[in-house]
Amino acid sequence: MKRTRPTISARKRKADQTSTSEVGEVGGRGRRQRQKKVVREAGEEENRPEAEQQVEEHAIEAEEEARPDAQAVEAEARPDGQAEEEPRPDAQTEEEARTDAHTEAVEPEAARHEDDAHTEALVVRRGRGRGRQQRQRHDEVPVGPEDPSLLKDFMNHVAADIWNGRERQLLKIYNHSRYLKIWELPTTNRRFMAKVTSSGLFPLAQISYRYCNKVLVSAFVERWHPETNSFHFRFGEMTITLEDVLYLVGLPVEGLAVHAEVHNREDCVALVHRCLGVTMAQASDVVSCGGVKLHWLKDNFMNVGDDATDERVDCCARAFLLYLLGTTLFVDKTGIRVNVSYLALLSDLGQVRRYAWGVGALGFLYRQLGQASRSHVKQMSGYTTLLEAWIQEHFSMFQHAMNANYTEELPRAARWQSRKEAKSATTVRYREMLDDVQASQVVFDPYRECRQVVADIALYTGCICCMIVVEPYLPDRVLRQFGLVKLVPGPPLAPLRGTRGSTSATYSVVYQYTDALWQNWHDHMLHEDKRVPVTPGIPWESHQDYLPWFRRVSHLKVARGRGDGHNSESAEERTTAALVLLDNCLSGTHIAPYEMKNTLREVQRILRGQNAAHPSTPGPSSDMFFTRHSRRNQFT
C-alpha cells in the first residue's frame, strides 16, 4: 500500500509540538533544537523539490540519532508558529536580534553535575512584560553581583545594559534655574521682600546653578542603586546626606515634614483659588495634571506695586515661592509646570520656615536618581544643583572653577561656578575614571574643619518624605562620611510593595511612613556602638569584613573589559595608611610594648591588603577597631 507523505502544514504543526515537548524536558535530557530554527526550516521547505526534501529528512534523522541527548539549545514555544518575536520599540536592538538568532551549545549534563562552578548562567532579563533569555558563558565575568540578595533589581539597571554592550545616550536633565532670572523681583516693595526672605527659601535663587553638566550627572547615575539609595564605587558606598544638604544649600533639615493631603483635582483647584486669589473658574482653567504652568505664575504675579493690598502681596509672595520651588527643589519632568500641592505648605507665610525643606528636596532627588538608574529611562529631574555641588565637594577631579564672589556666609554650593560640560567630556571617560577612583582620592568628610560634631539629625535612620514620595535614608551605609569607621551595614529597609522595572512607568515603590515617625526622629538614631571614629589620616578606614562583603553583593565596575570589579585598595593607599600608623605610634614619648606590637601587626595586615592569599587574613583597621573599642569600654 502506498504511504501518503504528510503535508507541509502538518509537518509544521508536528515541529511545534515536538519543540514544545522538548522545552518541557530541558531539565532532564537537555534541549533538542531551537524552535525558531525548526519553524523557519519547515517554512522554507515549501519551495524545495520533493526529492531534495526527502534526502534532507533522512540526513537530519541520522544526525539526530547520532547526536548526544544533552547537546541542545534553548527554545521558546510560540503557538502562532512565528519564527521571530516582534521587536519591542525601545528595548530590542540589532545585537539582541543576532543573539536570539544564534544558539550556543550547552555542556553535557554529566559535566554540569561534575562541576557546578562551570555551569553556564542563564540570565533572565525583563522588558515591557515579556521575558527575554540571554546566554552567558562560564568563562566571562558575570553580569551583576555574585550575591543578588542586596541589589535585587540589578538586571533592570542601566549598568547591566552597559556591561552587555548596550550604551545609553546622555540623560536629558530638566534644569529650570535659568527661569529665575526672568522673574524681576520688586525689591522696592518691602512687604513683599520681607515675606519672601522670612521663608528661608530665598537663598535658592542665589546659589542654584544655571547650567547642568549632563555628562557628569549621567556618569554618576550609572552608579546609583535605589535599593540602598547610594552610589557604589570600588571602595564602598557614598550618598548625599542630610549634612550635605545643610552645608551645601543651607536648607533646614529639622522641622515639619514636607507633606500635605492633596488627593484630587478638586483639592488642587481649591488651593489655587484660596492661596493665589483667583476665581474658581480661573483656577479650574489653569490647573492641569496637578500643576500650573510656570509662565502663568510669572505673567500674573510678577508685578506687585508698593500700593498693592496686603492680600495681593501675600498672593504674589506665595506665587513666587511656588515658582521658586518648581524651578529648584522640585523640578519635574513636564518641563513647564510645578505641582500645586506645595501651596498647602505656603498658605501661612509665617509658618513656611518651619518645614524641613532640605529633607523634602533630598527625598525627591533620591526618587529621581532611582528612576534615572533604570535602563530605559532617558530623562531626569530634581534639584541637580545639590547633586553637582555634592560631587564637587567629594571628588576633586571633577571640581569646577572657584567662584570669586563666594563668601563664608553663603552655602558651600556657591563656591563653584556653574559650567556646562566640556566638548571633549564623554560619559565613557567619566565612567572609567569612576571605575578606577581610589579611596585616597575621595574627600569623605569635607565639613570636618567647619563643624564641631556631626548634627544628630544627620544620623537619623528611617524614611524621609516629600509629599507622596517616601524614600529610605540610611546613614549606616556611609559612616566614613561622618568620620566613622565603615562597618558592614544591616539590610536596607524593605518596601511594603512595589517594583523597580526598566522604565518610569514600571517604577513604583511604597514604604511604610507616618509623619509621627519623622517628628520623633530622636528615637531612630544610629546606634552608639556604630560610632567609632576613624584613625587620623585614614578617612577611608573600614572593618576587615566590609570590603569582602561589599565586593560580593555589589557590581563595582560599570565599564566592561576593565577588570572584574573586585580590586582591593591600591598599594599607595596601603602604604600611606601604614606610615600614618607608624607616625602616630612613634610620636609618643613612652611606647608600651603591647602598643608597638599591635601597631606592627596592623601595619603588616595593611600592607598585605584585603586580597591576601587567605580570605580570613584581616585587612586595614581590624585590630585597630577592636582595640579602640575595648579601651573605650575599659575606661567607661
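Since we're looking at a predicted model, the values are computed, not measured.

Visitor: Which parts of the structure should I look at to understand the side chain of S199?
Guide: Along the chain, the position of S199 falls in the loop between α8 (190-197) and α9 (204-207). On the basis of relative accessibility, which here comes to 1%, the residue S199 falls in the buried class. A polar contact of 3.3 Å, which involves the side chain of S199, links it to the backbone nitrogen of L201. The contact partners of S199, leaving out residues within four places of it in the chain, are L321, V352 and R353.

Visitor: What am I meant to see in the packing of aromatic side chains here?
Guide: Two measures describe an aromatic ring pair: the distance that separates the ring centres and the angle between the ring planes. Tallied over the full model, the rule gives 28 aromatic pairs. Each ring, one from Y247 and one from Y447, has its centre 4.7 Å from the other, and the planes form 10 degrees; the classification is stacked. Within this pair, whereas Y247 is found in helix α11 (residues 242-248), its partner Y447 is found in the loop between α19 (427-436) and β10 (462-466), the two being separated by 200 residues in sequence. Take Y247: its relative accessible area is 21%, and that puts it in the partly exposed class. The interplanar angle of 75 degrees and the centroid separation of 5.6 Å between the aromatic rings of W296 and F301 together place this pair among those described as edge-to-face. Each member of the pair, W296 as well as F301, carries the same accessibility label: buried. Among the aromatic residues, those joined into a ring-pair cluster are F220, W224, F231, F233, F235, Y366, W390, F395, F398, Y430 and F444.

Visitor: Help me out: how do you make sense of the confidence of the model for the protein in this one?
Guide: Atom-level detail of predicted coordinates should not be read off regions where pLDDT is low. Taken over all residues, the pLDDT of the protein has a mean of 78, while the share at 70 or more is 68%. Between residues 610-636, whose pLDDT stays under 50, and residues either more than four places distant or in other chains, the model counts 55 contacts.

Visitor: Would you mind going over unusual backbone geometry with me for this structure?
Guide: Despite not being glycine, N229 shows a phi value in the positive range, around 50 degrees. Assignment of secondary structure puts N229 in the loop between β4 (224-225) and β5 (230-233). Despite not being glycine, C289 shows a phi value in the positive range, around 55 degrees. Tracing the sequence through the fold places C289 in the loop between α13 (280-286) and β7 (291-293). On the basis of relative accessible area, C289 is assigned to the exposed category, the value being 75%.

Visitor: Explain the environment of D285 here, please?
Guide: In this structure, D285 sits in helix α13. Exposure remark for D285: the relative accessible area of 66% places this residue in the exposed category. Taking the C-alpha atoms as reference points, D285 and V269, separated by 16 residues in sequence, lie 8.9 Å from one another.

Visitor: Looking at this model, I keep getting lost on helix α17 (residues 357-372). Mind explaining?
Guide: Each α-helix turn comprises 3.6 residues. Residues three or four places apart therefore point the same way. With 16 residues, α17 extends 22 Å between its outermost C-alpha atoms, agreeing within 8% with the 22 Å of an ideal straight helix rising 1.5 Å per residue. Most of α17 is tucked away, with 16 of its 16 residues classed as buried.

Thresholds applied
- Residues numbered from 1 in each chain as written.
- Predicted model: local features only at pLDDT ≥ 70, side-chain atom pairs only at ≥ 80, totals over all residues.
- Heavy atoms only, no water.
- Helix = DSSP H or I, 4+ residues; strand = E, 2+ residues; numbered from the N terminus.
- Buried < 20%, exposed > 50% of the residue type's maximum accessible area, 1.4 Å probe, protein only.
- Polar contact = N/O pair within 3.5 Å; in protein donor to acceptor, adjacent residues only side chain to side chain.
- Contact = heavy atoms within 4.5 Å.
- Phe/Tyr/Trp six-rings, centres within 6.5 Å; stacked < 30°, edge-to-face > 60°.
- pLDDT = per-residue confidence, 0-100.
- Expected span 1.5 Å × (residues − 1).

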